[in-house]
Amino acid sequence: MLKRYTREQMAARVAADIPNGAYVNLGIGLPTIVANHLPKDREIVLHTENGLLGMGPAPEAGSEDPDLINAGKQPVTSLPGASFFHHADSFAMMRGGHLDFCVLGAFQVSVTGDLANWHTGGPDAIPAVGGAMDLAIGAKRVYVMMEHLTKKGESKIVARCTYPLTGVGCVNRIFTDLAVLDVTPEGLKAIEIVPGLSFAELKQLSGVPLIDASAKAAA
Amino acid sequence: MINKIVATTAAAVADIPDGATVMIGGFGTAGMPSELIDALIEQGAKNLTIVNNNAGNGDTGLAALLKAKRVRKIICSFPRQTDSWHFDNLYRAGEIELELVPQGNLAERIRAAGAGIGAFYTPTGFGTQLAEGKETRRIDGRDYVLEYPIRADFALIKALRADRWGNLVYRKTARNFGPIMASAAKCTVVQVREIVNLGDLDPEDVVTPGIFVQRVVEIPAAAKLVALPGAAA
């Protein structure tokens, strides 16, 4: 049985890499649980692209406000210090290089940091892109959070994306249930590997060239 | 005297012709001008091109306009939702044209129209399917795609309060596309919860100055219960 980080462990690991003072957008799906793990001693401002900085957690049942929602159209709250703004300003925050981090889910990431996360390309699939392409090229640092393997056991880290691209060379760091990997000019570096899994095994499962930059390599 | 107040939603949308391009505010149901859309359905204009972030939720508002088969084409960023069945059916039957635009490009193309910009280079979408066939340029080492403004004949939006000059304030994340759509249409129609006396809105708080607004209709709160949005992306 393969050793894996749980979803909560992955989220905590991503959260650990978000510093005090950061402006952050958490994508829909797996990345949303990162919010539950942000260290309490850091002041981190969450951005939701439909027009809110300073997003708080979900409201208590019964106090939902249909005018106060996140990008996934779920009810949220606003924290002291929050601000509302229109869509052109919201996307200027990304495209203009003001947003420090975004955390996105992915279907595939290539060894050069290409991202595919918006469309499976299936003939009957209705395409929908939302803010994925803007986030991918806009945030100063783009984190991807995803399972390392598909349900069929195929690596989601690939030499070249086969799904339609969201952005070219835009991903900086990949957090999976097996490892944390950095996209670098030299190639993909494994900086952490789940305990119980060797670098050789990770490389075998990934099916792409990797550089061992983990503590195990240093030891 | 300037008075942009219109008595009824029917009067506010009466002159929208067949074939018009109509921007509709809202992100999901937050900020969607449902009563104006109901009036547009009643009015009967068809072959419309609609600009919205989504493609309708459930059976009301924009979804109802789609269901009534009044829409020839929709320009949006995120049509696929758990409750977008009317769009899904039309799309799969080939009865509606879809122009899919990344959300920030959609916003900026609308903003550009309102600001008199001829076209602009954006990094969003470069190297993807959504930029295929578009002009590109490398500027200071970064790749950009040329995108053109989206203009409209009418914009239907929702705000919280207005005065008779059409100055607007919004409510929370229901602001979303309202301010930029107001600037990008020849005729902007706003439904508000409350019309206040001229001078009652603090000029420091006005988000959309009245110059961008042509018509205002008051729809008092609780005139219609708003369903909470479903679990949808």
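Everything below is about the structure shown above.
Residues numbered from 1 in each chain as written. Chains lettered and ligands numbered in written order. Predicted model: local features only at pLDDT ≥ 70, side-chain atom pairs only at ≥ 80, totals over all residues.

Trainee: Please provide a residue-by-residue account of the overall build of chain A, values included.
Mentor: Scanning chain A from terminus to terminus reveals five helices and 13 strands. The C-alpha radius of gyration of chain A comes to 18 Å, within 12% of the 17 Å expected for a compact globule of 219 residues. Projecting the C-alpha coordinates of chain A onto the three principal axes gives extents of approximately 50 × 45 × 35 Å. Pairs at least 24 residues apart make up 61% of the contacts formed inside chain A by residues separated by at least 6 positions. (Helix = DSSP H or I, 4+ residues; strand = E, 2+ residues; numbered from the N terminus. Rg over C-alpha atoms; globule rule 2.2 N^0.38 Å. Contact = placed C-beta atoms within 7 Å.)

Trainee: Account for the overall build of chain B, naming residues and giving values.
Mentor: Along chain B, the regular secondary structure elements total six helices and 11 strands. Radius of gyration (C-alpha) of chain B: 18 Å, near the 17 Å computed for a compact globule of 233 residues. Along the longest, intermediate and shortest principal axes, the C-alpha atoms of chain B span 50 × 40 × 35 Å. Expressed as a percentage of its 233 residues, the buried residues of chain B come to 53%. Taking as baseline every contact in chain B between residues at least 6 positions apart, the subset at least 24 positions apart corresponds to 77%. (Buried ≥ 20, exposed ≤ 12 C-beta atoms within 10 Å, placed from the backbone.)

Trainee: Describe the nonpolar core, listing the residues and the values that go with them.
Mentor: Judged by nonpolar contacts, the single largest core of 133 residues is most densely connected at V144 of chain A together with V22, A155, M181 and A184 of chain B. When residues of this core are assigned to their parent elements, the largest contribution, seven residues, is made by strand β8 (residues 152–162) of chain B. Ignoring anything within four residues of it in the chain, the contact list for V144 of chain A reads L104, A106, V109, L115, V171, I174 and F175 of chain A. (Core = buried A, V, L, I, M, F, W, Y, C linked by C-beta atoms within 7 Å.)

Trainee: Account for the interface of chain A and chain B, with residues named and values stated.
Mentor: Interfaces are often sized by the accessible area lost when the parts come together. Across the boundary between the two partners, chain A contributes 35 residues, which contact 42 residues of chain B. Within the residue set of the side of chain A that touches chain B, elements represented by two or more residues are α2 (87–95) and α3 (132–138) of chain A. In terms of residue count, the dominant contributor to the side of chain A that touches chain B is α2 of chain A (five residues). A class-by-class count of the residues in the side of chain A that touches chain B yields 19 nonpolar, nine polar and seven charged. (Nonpolar A, V, L, I, M, F, W, Y, C, P; charged D, E, K, R; others polar.)

Trainee: Tell me what's going on with the environment of P209 of chain A, and back it up with residues and numbers.
Mentor: All names here are of chain A. By the element assignment, P209 lies in the loop between α4 (199–206) and β13 (211–212). Since 10 C-beta atoms lie within 10 Å of it, P209 is described here as exposed. As for P209 and V103, which are separated by 106 residues in sequence, their C-alpha atoms are 24 Å apart. If we skip the residues at most four places from it in the chain, P209 touches V111 and G187.

Trainee: So, the pairing of β8 of chain B: which residues are in play, and what are the values?
Mentor: Residue and element names in this part refer to chain B. With respect to burial, β8 is a largely interior element, nine of its 11 residues being buried. Sheet analysis places strand β1 (residues 21–24) next to β8, joined by three bridges and oriented parallel. Residue pairing in the sheet places M23 in a bridge with A155 of β8. Relative to strand β10 (residues 185–195), β8 is paired through nine bridges, and the arrangement is parallel. Across the sheet, A155 pairs through a bridge with T188, a residue of β10. In the sheet, β8 pairs with strand β9 (residues 168–169) via two bridges, with the strands oriented antiparallel. From the neighbouring strand, A162 faces β9, where its bridge partner is L168. Here β8 hands over to β9 after five residues, with G166 in that stretch at a positive phi of 90°. (Pairing = 2+ DSSP bridges.)

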